[in-house]
Structure formats: C-alpha cells, structure tokens
Amino acid sequence: MNTLPLGHSDLRVTSICLGTMTFGEQVDERDAHAILDRALERGVNFLDTAEMYAVPAREATYGATETILGRWFAARPGMRQRVVLASKVAGPSRGMPWIRQGQGMTAADIAASCEASLRRLQTDVIDLYQIHWPERHVPAFGQLYYDPAKETSQTPIHEQLEALAQLVRAGKVRHIGLSNETPWGVHEFVRLAEQHGLPRVVSVQNPYGLLNRSWDNAMDESCHRLGVSLLAYSPLGFGLLTGKYDQHAPADPGAPQGARIARYESVRKQRWGRPEALAAARLYNQLARDHGLTPTQLALAFCYRSWRVASTIIGVTTLAQLDENLDAWSVQLSPELLAEVDAIRWQLRDPAQ
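The residue numbers shown here count from 1 along each chain, following its written sequence. Local features in this predicted model are restricted to residues whose pLDDT is 70 or higher, and side-chain atom pairs enter the listing and the counts only when it is 80 or higher, whereas totals over whole chains, interfaces and linings include all residues. Hydrogens and waters are ignored; side-chain quantities use all the structure's heavy atoms.

Asker: Would you mind showing me how to read the packing of aromatic side chains here?
Answerer: The geometry of an aromatic ring pair is captured by the separation of the ring centres together with the interplanar angle, meaning the angle of the planes. To pair, rings of Phe, Tyr and Trp, with the six-membered ring standing in for Trp, must have centres within 6.5 Å; the planes then decide the type, stacked if under 30 degrees apart, edge-to-face if over 60, and tilted in the middle. A complete count under the given rule lists five aromatic pairs for this structure. Between F238 and W272 the ring centres are 5.4 Å apart and the planes differ by 10°, which places this aromatic pair in the stacked class. Of this pair, F238 sits in the loop between β9 (229-233) and α7 (260-263) while W272 is found in the loop between α8 (265-268) and α9 (275-290), placing the two residues 34 residues apart along the sequence. Comparing F238 with W272, the two get one shared label, buried. Ring geometry for Y304 versus W329: centroids 5.5 Å apart, planes at 55°, classification tilted. Of this pair, Y304 sits in helix α10 (residues 295-304) while W329 is found in the loop between α11 (319-327) and α12 (335-348), placing the two residues 25 residues apart along the sequence. The rule is short: NZ of Lys or CZ of Arg within 6 Å of the ring centre and within 35 degrees of the ring normal puts a charge over the ring. Stacked on the ring of Y62, the Lys or Arg R120 has its end atom at 5.3 Å from the ring centre. Over the ring of W346 we find R349, and its NZ or CZ is 4.2 Å from the ring centre. Counting from the N terminus, the helices are DSSP H or I runs at least four residues long and the strands are E runs at least two residues long. With a 1.4 Å probe rolled over the protein chains alone, any residue whose accessible area is under 20% of its type maximum counts as buried; one over 50% counts as exposed, and the rest are partly exposed.

Asker: Help me understand the side chain of E66 in this model?
Answerer: In this structure, E66 sits in helix α2 (residues 64-75). Of note is the side chain of E66, whose polar atom sits 2.8 Å from the side chain of S117. In what follows, a contact means two residues having at least one pair of non-hydrogen atoms within 4.5 Å. With residues up to four places along the chain from it excluded, the contact list for E66 reads T49, A50, E51, S87, S117, R120 and L121. Two N or O atoms count as a polar contact when they lie within 3.5 Å, although within protein this holds only if one can serve as hydrogen donor and the other as acceptor, and sequence-adjacent residues are included solely when both atoms are side-chain atoms.

Asker: What should I look at first to understand the pairing of strand β10 (residues 309-315) in this one?
Answerer: A regular strand places its side chains so that they alternate between the two faces of the sheet. Within β10, six of the seven residues are buried, which leaves the element mostly enclosed by the surrounding structure. DSSP-based pairing: two strands are paired if at least 2 bridges between them are found. Examined bridge by bridge, strand β3 (residues 16-19) and β10 share four bridges and lie parallel to one another. Within β10, the residue paired with I16 across the bridge is T312. In the sheet, β9 pairs with β10 via three bridges, with the strands oriented parallel. Looking at β10, one finds that L231 is bridged to S311.

Asker: When you look at the nonpolar core in this model, what are you seeing that I'm missing?
Answerer: The tendency in soluble globular proteins is for nonpolar side chains to be buried as a group. In terms of nonpolar packing, the biggest core is built from 103 residues, with L18, L47, Y129, V186, L211 and L298 touching the most fellow members. When sequence neighbours within four positions are dropped, the list of residues in contact with L47 reads C17, L18, L36, L40, L69, W72, F73, V83, V84, L85 and A86. Core analysis: the second largest hydrophobic core is formed by 13 residues, A86, V202, L231 and A310 among them. What makes a nonpolar core is a set of buried Ala, Val, Leu, Ile, Met, Phe, Trp, Tyr and Cys residues whose side-chain atoms join them at distances within 4.5 Å.

Asker: Even after reading the chapter, I still don't get the packing of helix α1 (residues 29-41) against α11, so can you show me in this structure?
Answerer: The angle between the axes and the distance between the axes are what describe a pair of packed helices. Helix axes use the C-alpha atoms of the stretch in contact, all axes being lines fitted to C-alpha atoms, and the angles between their N-to-C directions lie in the range 0 to 180 degrees. Their axes nearest at 10 Å, the elements α1 and α11 cross at an angle of 25°. Classed by the angle they form, the pair α1 and α11 counts as roughly parallel. At the point where α1 passes α11, the crossing takes the right-handed sense. In this structure, α1 uses A34, I35, R38 and A39 to contact α11, whose residues at the interface are L319, L322 and D323. Gly is put with the polar residues, along with every residue not named as nonpolar or charged; the nonpolar set is Ala, Val, Leu, Ile, Met, Phe, Trp, Tyr, Cys and Pro, and the charged set is Asp, Glu, Lys and Arg. Along the lines of polarity and charge, the residues of the contact of α1 with α11 split into five nonpolar, no polar and two charged. Any angle from 65 to 115 degrees is called roughly perpendicular, while one under 35 is roughly parallel, one over 145 is roughly antiparallel, and all others are oblique. Note on convention: the crossing is left-handed when the near helix lies turned anticlockwise from the far helix by less than a right angle, right-handed when the turn is clockwise.

Asker: Just to check I follow, could you spell out the layout of surface pockets for this structure?
Answerer: Remark: the empty space left among the atoms is shown by a probe the size of a water molecule rolled over them. Cavities and pockets were defined on a 1 Å grid built from protein atoms only: a cavity is a group of points that admits a 1.4 Å probe but offers it no way out, a pocket is an open group of points flanked by protein on both sides within 12 Å along at least five of seven lines, and a lining residue is one with an atom within 4 Å of any such point. Grid points are joined across faces, edges and corners, and a volume is the space filled by probe spheres set on the points. Computed from the structure, the largest pocket encloses a volume of approximately 1,000 Å³. Lining the largest pocket are 47 residues, and of these M21, V55, S234, F238 and R260 lie nearest its centre. Those elements that place two or more of their residues in the lining of the largest pocket are α7, β10 and α11. A breakdown of the residues in the lining of the largest pocket according to their chemical character gives 20 nonpolar, 20 polar and seven charged. A volume near 430 Å³ is recorded for the second largest pocket. Looking at the lining of the second largest pocket, its residues break down into ten nonpolar, nine polar and two charged.

As structure tokens, then:
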C-alpha cells in the first residue's frame, strides 16, 4: 500500500487508516490487539483514536480505546515507531460531563486532555492531534443548518491554536488537525496560523462516503487549495453500505443483532439510523451487485480512489472484516459505474449528512 504526505507535513500515511473506536466496547482487548497486529502485517501504518472512545460514548468506557492501544504498544517494543498515531481532544461537552466540566474547550482543557491521552497511550508524542469537533457551534453530527442563536463559543480559534502550538513546542504533538469542520473553520485556522506563525492544520477528519458527500460541496475546493488533507470517516455508513441491512432494517428482529446500528438504540437515533439513509444504501448496494461487486467493495473503492481523500478510516470488529476492507483496495471503478453512483446521489442527495 502506498503512503502519501498529510497536508504540508512530513507525516507519510497509508491510504487506509485503522479506526479504533470499537475497541473497548464491541471489541475486547485481546481481539483488538489481534486486529492491530493484522493491520500492521498487511501494511497499514496509520492508527486513529480519541480520548472520547469507545463508542457509543459512556462514562464506563471513556479512554478505554487509548488504554488498549497503549498496552499494545507496551507489549510490542518498537511498534510505536512504526506507526503514525492520531488522537483527538473532545470539543465542548455533548452530554458527556465525564470528559470535562463546563461547556467550553479552553486552552487548559486542550493541554489536560493531551496529557491524559499520552499517559493512556503510553507514548511521549502524538503524531497528529485533532480537535474532535469545533469549540464553536456548527451544523455537525446530523444537524443541517447553522443557527447563530446557538452560538456559545468561549475560546477563540487563535487561543486554541496557541494551546496546540505549546504542545508542538513541547514535543508532545508533531502536527495538528481538525475534525467535523466547515469551510469557514478550516480557512480561519489556516489564516490565523499563517498570520501568527502558529502550527498549520494538516488534515480534516470528516464523514465521507456514498451516504454523505457533503464534503463535495465546498470543503473539497477549500481543502484542495489550502493543502489540507481529508481523512474520510464512516465510509461504510455504520454498516449500511455492507448489505447487512438490505433484508432487515436495523430495528427488525431479523437484523444482525451484534452489528452497531442494530445493537445500540443511541446509534439508530443518529443520522445513520434515518430511513432515508437505509433506502439510499440499498440502492447503492444493489448497484454494486449489478456490477459484480460486493456492497463493501463499491463503498470503499469509492473513497479509496477519490482524489479528495488522503486516507480512508475503516472501523472493524473482526479480522474477517479487516481483511475484506483491505482487500477492497484493489478494486477499480469504471467511469460508467461512477456516473450511476452520481445519478443516485442526484436523486437522494446526502441522507446521512
């Protein structure tokens, strides 16, 4: 698998990144370590986690994913030097008071969260440290519209950048990134960094895939011109684009009960649980079969081969899923098939936005 630079940084990452948010909830530590071992054996060098994980978020599993990764590093001397490690500081509390008290994300919060992540990960430095969601109000996680009346921002972006710069200067973070951001947010982070000589964001981790291509309408041009890389998350739409719910909807008795949307009511209430998302997924899944592909192959190849995507984040619960996702790297999509994909999007737009 090839590697490429993230933004203007010296970080070189594989085009597939292993996301780890299932570790500590759906995946126990032994199986998580086996998945990590297999991913590295197959050439993946990029791991993504967050202080908030495991998901679905709850107090009992807060920090569990980073802890599992830390024990994996500790049990395998030299492994930490082989991977690019990304983690995230949580934005303002979204019903998770166990992360921090208060509604904001202050400079002190950023520093404290980084220190705690370093301890759990059993490492001296995080290669890519990302703001998980903006400190200011933005339409994210299924919200469609910006509403100025909901603005509660307490920490200016300049102050956030200064806090991250201190971590970079201290050698605790190599590069910084954003997540769940908007075009204005990316531009403002880049503008202030250049104006004040502060670290420049190298990447944005946003949802991207057949069910949510909102990136294609403004973020793609913004980040291309600014030299900021896309890390695409949820390329399989929380399993909707694997075909596992084509016969039985997630809430139906016949649905695979171990799968994420079927297992967790909190997930079904989110954007991936919308009936419109399932309806669109079933069209894409049938399109894949009509062209001799599996639904997973179509969904992942769409991201793997897009010029917009630097690295696609895959999340798995078994070794079989990991192998299937990595094997899809070899799939090529014809211009005719991509035109049919666009036709479905034109009809149904982005139901999991």
